[in-house]
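Below, each chain spelled out in residue letters.
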Amino acid sequence: MPPERATGAPGAPGAGLRLTRPLCLASASPRRKALLEQFGLRFAVQGSPVDESPRPGEAAEALAVRLAREKAGTALARFPDHLILAGDTVVELDGRLLGKPESPQDAARMVAALSGRTHRVVTGYCLLDGPTGGAVARAVETRVTFRALPQAWVRWYSHLPESLDKAGAYGIQGIGGAMVSRIEGSFANVVGLPVEAVIWDMLEQGWLEW
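Residues numbered from 1 in each chain as written. Predicted model: local features only at pLDDT ≥ 70, side-chain atom pairs only at ≥ 80, totals over all residues. Heavy atoms only, no water.

## Observations regarding the overall build of the protein chain
Piece 1. Of the regular secondary structure elements, the protein chain holds 6 helices and 10 strands.
Piece 2. Since a compact globule built from 210 residues should have a radius of gyration of about 17 Å, the 17 Å found for the protein chain is in line with a globular shape.
Piece 3. If one aligns the C-alpha atoms of the protein chain with their principal axes, the spans along those axes are about 50 × 40 × 35 Å.
Piece 4. In the protein chain, once contacts between residues fewer than 6 apart in sequence are set aside, the share between residues at least 24 apart is 69%.
Piece 5. Carbon together with sulfur atoms contributes 55% to the accessible area of the protein chain, which is approximately 9,700 Å² in total.
Piece 6. Considering the protein chain, the positive charge centre built from 23 side chains and the negative charge centre built from 22 side chains are found 3 Å apart. (Helix = DSSP H or I, 4+ residues; strand = E, 2+ residues; numbered from the N terminus. Rg over C-alpha atoms; globule rule 2.2 N^0.38 Å. Contact = heavy atoms within 4.5 Å. Areas by Shrake-Rupley, 256 points an atom, 1.4 Å probe, with all protein chains shown as cover. Lys, Arg positive; Asp, Glu negative; His and termini not counted. Charge placed at Lys NZ, Arg CZ, Asp CG, Glu CD.)

Here it is in structure tokens:
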């Protein structure tokens, strides 16, 4: 199946931006796709699954950047003449990494642990330029504080589909946003891609121009 092509709507805020080489988003996430589409860019979409298991003692930033690099490298093998953008998001509470829940019960455990607490959302991203081999890889952190949640809410929310396919068992752009009382940093980062940082990196590297 050919890679999906996406186009931002005419008149989007970034409609004047122009890529200097073809772009591939190495992610099947509709949330990352939507964040990038806001800038009026055309890009291929190619999922790049990798083993997301953390290594012993691996910090959140190191894990997120490593996985982003691995995903970018996987996509580059198929799109060698493209600029590849890959990302990975992890949630950390008290030094513990919270991945995607395995069941509603696992989701309930995570949401209950986050209740009334502040946690870190770390997204690592990698921009890998096939034609030149140039690369930018970094991690962006956002601190998110949850309201104190009633147990009835935790039980209800943990059975919603949006809680089961996201790190930390919640989606801030959906119903999960009602659980948040404060955000310090990029909202887009919590959704899955710090697109503000990505766009400026692309401009500074000459991969994107006015």
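Alright, that's what it looks like, and here's the rest.
## Thoughts on the pairing of strand 8 (residues 135–146)
Piece 1. Here strand 7 (residues 118–129) pairs with strand 8 via 11 bridges, running antiparallel. Each residue of the ladder has a partner; that of Gly124, found in strand 8, is Ala139.
Piece 2. In textbook terms, the turn of a hairpin is the stretch between consecutive antiparallel strands, and for strand 7 and strand 8 this stretch comprises 5 residues, one of which, Gly133, has a positive phi near 80°.
Piece 3. Direction of pairing for strand 8 relative to strand 9 (residues 180–184): antiparallel, over a ladder of 4 bridges. Within the sheet, the bridge partner assigned to Val144 lies in strand 9 and is Ile183. (Pairing = 2+ DSSP bridges.)

## Quick look at unusual backbone geometry
Piece 1. Although it is not a glycine, Asp94 adopts a positive phi angle of roughly 55°.
Piece 2. Among the secondary structure elements, Asp94 is positioned in the loop between strand 5 (83–93) and strand 6 (96–98).
Piece 3. Residue Asp94 is classed as exposed on the basis of its relative accessible area, which comes to 54%.
Piece 4. Despite not being glycine, Ala169 shows a phi value in the positive range, around 70°.
Piece 5. By the element assignment, Ala169 lies in the loop between helix 4 (151–157) and strand 9.
Piece 6. We classify Ala169 as buried; its relative accessible area is 0%. (Buried < 20%, exposed > 50% of the residue type's maximum accessible area, 1.4 Å probe, protein only.)

## Here's the deal with the nonpolar core
Piece 1. Ranked by size, the top nonpolar core spans 47 residues in total, and within it Leu85, Leu127, Tyr170 and Met202 carry the most contacts.
Piece 2. In this structure, Leu85 is in contact with Leu23, Cys24, Leu25, Ala26, Leu36, Tyr125, Cys126, Leu127, Leu193 and Val198, ignoring residues within four places of it in sequence.
Piece 3. Of all hydrophobic cores here, the second largest spans 11 residues; its members include Ala68, Ile84, Cys126 and Leu128. (Core = buried A, V, L, I, M, F, W, Y, C linked by side-chain atoms within 4.5 Å.)

## Overview of the layout of surface pockets
Piece 1. Empty space within the largest pocket amounts to approximately 670 Å³.
Piece 2. Those elements that provide at least two residues to the lining of the largest pocket are helix 1 (30–37), helix 2 (60–78), strand 5, strand 6 and helix 5 (187–191).
Piece 3. Tallied by class, the residues present in the lining of the largest pocket amount to 17 nonpolar, 10 polar and 8 charged. (1 Å grid on protein atoms, 1.4 Å probe; cavity = no way out; pocket = protein on both sides within 12 Å on 5 of 7 lines; lining within 4 Å. Points joined across faces, edges and corners; volume = space filled by probe spheres on them. Nonpolar A, V, L, I, M, F, W, Y, C, P; charged D, E, K, R; others polar.)

## Some points on helix 6 (residues 195–205)
In an α-helix, one turn spans 3.6 residues; hence positions three or four apart end up facing the same way.
Piece 1. Taken together, the buried positions of helix 6 are occupied by Val195, Val198, Ile199, Asp201, Met202 and Leu203.
Piece 2. With its phi angle positive at about 85°, Gly206 sits one or two positions after the end of helix 6.

## A word on the packing of aromatic side chains
Piece 1. Under the definition given, this model contains 2 aromatic pairs.
Piece 2. Seen in terms of ring centroids, Phe146 and Tyr170 are 4.8 Å apart; in terms of plane orientation they differ by 75°. Their pairing is edge-to-face. Taken together, the residues Phe146 in strand 8 and Tyr170 in the loop between helix 4 and strand 9 connect sequence positions 24 residues apart.
Piece 3. In this structure Phe146 comes out as buried when scored by relative accessible area, which is 2%.
Piece 4. Judged by relative accessible area, Tyr170 falls into the buried class, the value being 5%.
Piece 5. Plain terms: the ring middles of Trp153 and Trp156 are 5.0 Å apart, the flat faces sit at 75° to each other, and that makes the pair edge-to-face. (Phe/Tyr/Trp six-rings, centres within 6.5 Å; stacked < 30°, edge-to-face > 60°.)

## Some remarks on the pairing of strand 5
Piece 1. With 11 of its 11 residues buried, strand 5 lies for the most part within the structure.
Piece 2. Here strand 5 shows two buried faces, one formed by Leu83, Leu85, Gly87, Thr89, Val91 and Leu93 and the other by Ile84, Ala86, Asp88, Val90 and Glu92.
Piece 3. Here strand 3 (residues 23–25) runs beside strand 5; their pairing, made up of 3 bridges, is parallel. Residue pairing across strands places Leu25 opposite Leu85, the latter belonging to strand 5.
Piece 4. Pairing of strand 5 with strand 7, which is carried by 10 bridges, proceeds in the antiparallel orientation. Considered in strand 7, the bridge of Val91 is made with Val121.
Piece 5. Pairing between strand 5 and strand 6: 3 bridges, direction antiparallel. In the strand pairing of strand 6, Glu92 is matched with Leu97.

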